[in-house]
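Each chain, letter by letter, is given below.
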Amino acid sequence: MADDKVYISANELLADSFRLGNMVLESGFAPTHLVGIWRGGAPVGIAVQELLEYHGVVCDHIAVRTSSYSGIDQQTPEVRVFALGYLIDTLGPDDRLLVIDDVFDSGRSIEAFLRELALRCRHNMPRGVRIATVYYKPTRNRTALKPDFFVHQSDAWLVFPHEVNGLTLDEIRRHKPEAAAILQRAPMTDFASAVDRADFIAGLPKAELHLHIEGSLEPEMLFALAKRNAVAIPFESVEAVRAAYEFSNLQDFLDIYYQGMSVLQTEQDFFDLTAAYLARAEADAVRHVEIFFDPQGHTERGVAFAVVIGGIARALDAARARGVTSRLIMCFLRHLDEAAAEATLDEALPYLAVIDGVGLDSSEVGHPPAKFARVFARARALGLKLVAHAGEEGPPAYVHEALDVLGVDRIDHGNRALEDAALVARLATGGMCLTVCPLSNHKLCVVDDLAAHPLRRMLDAGLVATVNSDDPAYFGGYVNANFVAVADALDLRRDEIVALARNSFAGSFLGETDKARHLAAIDAYVAQAG
Ligand SMILES: Nc1ncnc2[nH]cnc12
Ligand SMILES: [Zn+2]
């Protein structure tokens, strides 16, 4: 029965091991050799040896292993002893041997060890031998031996600190909560290595739903376009640009991001930018993209709306011919006022055939979704899809507002929604897709460490989370790099990675037939990957 078990903590065992060492010391027995019986005797032996040495009793020390097997008569188990060579080579008759185990139960291990050692050492077998153990179970002793030193006498079923095999998950949770937190996910359960997992991710069909096209402007293209358009930029080299990409928050990044846009001047520039991203996405097995663009970042510096949308749409058309489908989402810059967003929507009216939705980006805190209630309502009336960045840096209340006031179809980021349990339940029940961006979150210090990224918690909570690159040129990687980084950090299982890819199509603005086709392609990929 589970309740008969006595769970020993690591600290208790260490303290008892030191107590055992003290007993040896006080007895006046000063071993020249200390042997821990692998496995349980090893940590005890280390602590005893450490304590003895602390008090000036220096001895040689090693672990040996015994193992039980059924003998010919199948009744009494025999015990085999391994790794005696070192002891046989070094022991002499005048040595003093201390044998240590965590528990003296049937006594058969130590008996077999001493018998085998005596047989093989012959006249070199030490005359002085002592046995020390933390727990002694006299009622189970099947030998003529008994420990010279022990700390506790017990009949209980002992569970040592390292033991997890043979325990139920419930027992581990109740008695070893720290272990449960770590063991919940068996590491690399379904991939042989991190490289295998990365290979699996590389070919997995996926959609990208959160990508600012201006954020895919690589430093090389920044330089090339600066030269082509004779625009001055405050960087000497590509390396200097990359070195400047150190951010401590969203605003740090946005300042550089808007500055970088200045090199985008002509329709061809927007085509080249978009085509380069699409080629990169294709290489990551991206089959469908939903791209954000920031027209206000261009029109306010004199680049016509038609130039921006013309170049982007031409590149999307070219990719569609190669089988990569897309949607285009026009974002309003939330640090500007709603009137500016309204004017931008007016400018977009002639291009609604190529614009599928509107979004809300830029500096979040201080610019809540409700600031754009009217322009979003108008966009909805025009038949456009609605998305908004919310809960990236802003509080859960902004996510509520995006849902309640704007009526969005998708939340971009949404990390901080996890601070509000009712909100999480609402997002889960409504099947609301979150476009999560792990490397972005790390680069912008939304999370200190990818190992603490909320993606795992989102999946566990049943949220439709997806993995995206946000601004890959600035944050260190495209969509597969995001998958790999977060999968490594959170040790994501195959089914979780597949769920993320499935969510990317399920949460997209594709029609049901296309979604089903992509989900079937994922199934086929998983099946052939074995
Ligand atoms: N991660 C982000 N958050 C808000 N606005 C953005 N514009 C580009 N990337 C952004
Ligand atoms: Zn974004």
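Residues numbered from 1 in each chain as written. Chains lettered and ligands numbered in written order. Predicted model: local features only at pLDDT ≥ 70, side-chain atom pairs only at ≥ 80, totals over all residues. Heavy atoms only, no water.

Caption draft 1: Main features of the pattern of salt bridges. Taken as a whole, this structure holds 30 salt bridges when the rule is applied. Where Glu111 meets Arg115, a salt bridge forms, and the shortest distance between an N and an O atom there is 3.7 Å. With Glu111 and Arg115 both in helix α4 (residues 108-121), this residue pair falls 4 residues apart, about one helical turn. Taking the shortest distance from any N to any O, the salt bridge between Arg426 and Asp404 comes out at 2.5 Å. Residue Arg426 is found in helix α17 (residues 421-429), and its partner Asp404 is found in helix α16 (residues 396-406); the two are separated by 22 residues along the sequence. Of the residues examined, Arg426 reaches a relative accessible area of 35% and is grouped as partly exposed. Overlapping salt bridges, with partners in common, bring together Arg456, Arg493, Asp495 and Glu496 in one network. (Salt bridge = Lys/Arg side-chain N within 4 Å of Asp/Glu carboxyl O. Helix = DSSP H or I, 4+ residues; strand = E, 2+ residues; numbered from the N terminus. Buried < 20%, exposed > 50% of the residue type's maximum accessible area, 1.4 Å probe, protein only.)

Caption draft 2: Local environment of the site of ligand 1. The environment of ligand 1 is formed by His212, Leu250, Phe253, Leu254, Tyr257, Asp361, Ser362, His389, Glu392, His413, Asp470 and Asp471. Residue Glu392 places a side-chain N or O atom 2.7 Å away from a nitrogen atom belonging to ligand 1. When ligand 1 sits alone it has 260 Å² of accessible area, and the protein chains cover 100% of it. Along the lines of polarity and charge, the residues of the shell around ligand 1 split into 4 nonpolar, 4 polar and 4 charged. (Near = heavy atom within 4 Å. Polar contact = N/O pair within 3.5 Å; in protein donor to acceptor, adjacent residues only side chain to side chain. Areas by Shrake-Rupley, 256 points an atom, 1.4 Å probe, with all protein chains shown as cover. Nonpolar A, V, L, I, M, F, W, Y, C, P; charged D, E, K, R; others polar.)

Caption draft 3: Focus on the coordination of the zinc ion (ligand 2). Distances from the zinc ion (ligand 2) to its protein donors, namely His210 (NE2), His212 (NE2), His389 (NE2) and Asp470 (OD), fall within the range 2.0 to 2.2 Å. Coordination geometry of the zinc ion (ligand 2): the 4 donor atoms subtend angles of 83 to 176° at the metal centre, consistent with an arrangement described as irregular. Motif for the zinc ion (ligand 2), donor spacing along one chain: H-x1-H-x176-H-x80-D. Residue His210 is found in strand β9 (residues 206-212), and its partner Asp470 is found in the loop between β16 (464-467) and α20 (472-475); the two are separated by 260 residues along the sequence. As far as burial versus exposure is concerned, His210 and Asp470 are alike and both buried. (Donors = N, O, S within 2.8 Å, 3.2 Å for Na, K, Ca; no water. Tetrahedral: all angles 85-135°; square planar, octahedral: opposite > 155°, others 65-115°.)

Caption draft 4: Fine view of the packing of aromatic side chains. This structure, assessed with the given rule, holds 18 aromatic pairs. With a centroid separation of 5.9 Å and an interplanar angle of 80°, the aromatic rings of Tyr135 and Phe160 are classed as edge-to-face. Residue Tyr135 is found in strand β6 (residues 128-136), and its partner Phe160 is found in the loop between β8 (157-159) and α5 (169-175); the two are separated by 25 residues along the sequence. According to the relative accessible area criterion, Tyr135 is buried, its value standing at 8%. Given the relative accessible area of 4%, Phe160 is considered buried. (Phe/Tyr/Trp six-rings, centres within 6.5 Å; stacked < 30°, edge-to-face > 60°.)

Caption draft 5: Region of interest: the sheet that holds strand β12 (residues 357-361). Pairing is parallel in the open sheet, where 8 strands are placed in the order β9-β10-β11-β12-β13-β14-β15-β16. Looking along the sheet, the strands with just one partner apiece sit at the ends: β9 and β16. Averaged over all adjacent pairs, the angle separating strand axes in this sheet is 25°, with direction ignored. Sheet analysis places strand β13 (residues 385-390) next to strand β14 (residues 410-413), joined by 4 bridges and oriented parallel. Bridge pairing links Ala388 to Ile411 in β14. Across the sheet, helix α13 (residues 305-321) touches β10 (286-293) and β11 (325-333), and the angle it forms with β11 is around 155°. With respect to the sheet, helix α22 (residues 494-506) is in contact with β9, β10 and β16, its orientation differing from that of β16 by roughly 100°. (Pairing = 2+ DSSP bridges. Axes fitted to C-alpha atoms, helices over the stretch in contact; angles between N-to-C directions. Contact = heavy atoms within 4.5 Å.)

Caption draft 6: Local environment of the state of the cysteines. All told, the structure shown has 0 disulfides when counted by the stated rule. Cys59 carries a free sulfur, and the closest cysteine sulfur to it, the one in Cys121, is 16 Å from it. Judged by relative accessible area, Cys121 falls into the buried class, the value being 4%. (Disulfide = S-S within 2.5 Å.)

Caption draft 7: Just unusual backbone geometry, in detail. In this structure, Arg39 follows Trp38 across a cis peptide bond, with omega equal to 15°. By secondary structure assignment, the location of Arg39 is in the loop between β2 (33-38) and α2 (41-54). For Ala230, which is not glycine, the phi torsion reads 50° and is therefore positive. Of note, Ala230 is situated in the loop between α8 (219-228) and α9 (238-244).

Purely geometric numbers; function is a separate question.
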